[in-house]
Amino acid sequence: MASDAPDNHRKKRKMQKYSTPNNEVTPFRKAFKSREDHRKQMELEEARKAGLAPAEVDEDGNEINPHIPRYMSSAPWYLNAERPSLKHQRKWKPDPNNKNCWYDRGAKTFQADKYRKGACENCGAITHTSKTCMERPRKAGAKLTGKNIAPDEKVETFELDYDGKRDPWNGYDAASYAHVIDRYEARDEARKKYLKEQQLKKLEEKNNSDDEDDEDGLKVDEAKVDESKQIDFAKVEKRVRTTGGGSTGTVRNLRIREDIAKYLLNLDVNSAHYDPKARSMRGDPLPDMDPNEKFYGGDNQNRMSGEALEFKQLNVHVWEVFDKGNDVHMQAAPSQAELLNKVTRINKEMMKSKAKEAILEKYGNAAAEDALPRELLLGQSEKEVEYDRVGRVI
């Protein structure tokens, strides 16, 4: 009995170590499992991962992904979690440093019936003093009259972070810019209307001065006014359409109506491929058509002509020179690459001219000599020539 007393005392102290003030065992103590229970738990987890067993459900009835590691799914012991849950991984505290919050402009809270001590002597609101009052100074303030007490303003305080304090657009209301847009659009409409009236007036004066007796001359063709506006058909007009202030550019009359779109030139499925995203058709949609009558020959036609071809040749020359050991880069030093290409072309032309001069000096230039006799050109003549057995002329 004497030997059992120290063991019972030791067990009692150990239970006090893992117990709460209400003598309730903590979840850490409850979570202790035997070897058999641990083996069954591991088998259940493997079955859940394989899809053979239903997934575990949290407090809200949502299934928990079995592939989540245990160090993430298991809650700390001090949260006293009775059932498995992932709430400890979520952000459950409100963020006091939210930089998107701002003052509620013009909001009122309470309106008193009589003047209160410490309130503004001018308007009667208790949220500010008479020095900071934004209302027009009254002849007799609310302190003296006790009438027309202004409502109290909504006073708010924010704990902004570093970016929130330095954000110049924090609290900006994009809808407040709508009246500026309306004003500019009204001005543009008035300007267009005035210009059209002036053009009509000029046309009337011109028709009257040309022929007063001609009835057709008195008629004003408004279509001429519209045709005069087609001069700036490629003009881009930008308008701010959205409340958020986003600008949208619109191009009027981008192409002539008689022009056929490139993807409609050949409706065959096996014809040149058209990329709608890039609006490009690299191949020739009509390869069998007469080149003199062809209006469009594919985007590759532009790539193989003009400055595009020169730029391509310059890139090829830079690659060849770089492979031979020269430190040249087209993007890093384009001026150096172009100068080297120019020097190389000049040297190549000089070498060609030297080789041509050497060949002419050695073999002569048949094109620059005198014309051959007519007999040699025709290959026949009436002159008799005798030869001996060796082949010499007698």
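Description of the structure in this document. Going along each chain's sequence as written, the residues are numbered from 1 onward. The model is predicted, so local features are restricted to residues of pLDDT at least 70 and side-chain atom pairs to those at 80 or more, both for listing and for counting; the totals for chains, interfaces and linings are taken over all residues. Only hydrogens and water are removed before side-chain values are computed, so all heavy atoms of the structure are retained for them.

**Some words on unusual backbone geometry**
Selection rule: Each helix is a run of H or I in the DSSP string that is no shorter than four residues. Each strand is a run of E no shorter than two, and both are numbered from the N terminus.
Despite not being glycine, N148 shows a phi value in the positive range, around 50°. If you check the backbone angles, R279 has positive phi at about 55° while not being a glycine. In this structure, R279 sits in the loop between β4 (247-251) and α10 (299-303).

**A short note on the environment of G124**
Spelled out, the test is: Contacts: residue pairs with any heavy atoms within 4.5 Å of one another.
Relative to the helices and strands, G124 resides in the loop between α4 (70-73) and α5 (142-145). Residues G124 and I149, 25 residues apart in the sequence, show an inter-C-alpha distance of 4.9 Å. Sequence-distant contacts of G124, that is, excluding residues within four places in its chain, are made with Y115, R116, A119, A142, I149 and A150.

**Regarding the packing of helix α11 (residues 307-323) against helix α12 (residues 334-363)**
How two helices pack is summed up by the angle between their axes together with the distance between the axes. The criterion, for reference: Interaxial angle, 0 to 180 degrees, is taken between N-to-C directions of lines fitted to C-alpha atoms, where a helix line uses only the stretch in contact. If an angle is under 35 degrees, it is roughly parallel; if it is over 145, roughly antiparallel; if it lies from 65 to 115, roughly perpendicular; otherwise it is oblique.
Packing of α11 against α12 leaves a shortest axis separation of 10 Å and a crossing angle of 90°. It follows from the interaxial angle that α11 and α12 lie roughly perpendicular. Along its contact with α11, which presents L314, H317, V318 and V321, the element α12 presents A337, E338, L340, N341 and T344.

**Things to note about the environment of T109**
Examined against the element boundaries, T109 turns out to sit in the loop between α4 and α5. The contact partners of T109, leaving out residues within four places of it in the chain, are D152, E153 and K154.

**Some words on the packing of aromatic side chains**
Convention followed: Here a Phe, Tyr or Trp ring, Trp counted by its six-membered ring, pairs with any other such ring whose centre lies within 6.5 Å, and the pair is stacked when the planes are under 30 degrees apart, edge-to-face when over 60, and tilted otherwise. Only protein chains enter the accessibility calculation, which uses a 1.4 Å probe; a residue whose area is less than 20% of its type maximum is buried, one above 50% is exposed, and one in between is partly exposed.
Applying the stated rule across the entire model yields 3 aromatic pairs. The interplanar angle of 80° and the centroid separation of 5.9 Å between the aromatic rings of W77 and Y78 together place this pair among those described as edge-to-face. Look at Y263 and Y274: their rings are 5.1 Å apart centre to centre, the planes differ by 50°, and that puts the pair in the tilted class. Residue Y263 is located in the loop between β4 and α10, and its partner Y274 is located in the loop between β4 and α10; the two are separated by 11 residues in the primary sequence. Residue class for Y263 comes out partly exposed when judged on its relative accessible area of 43%.

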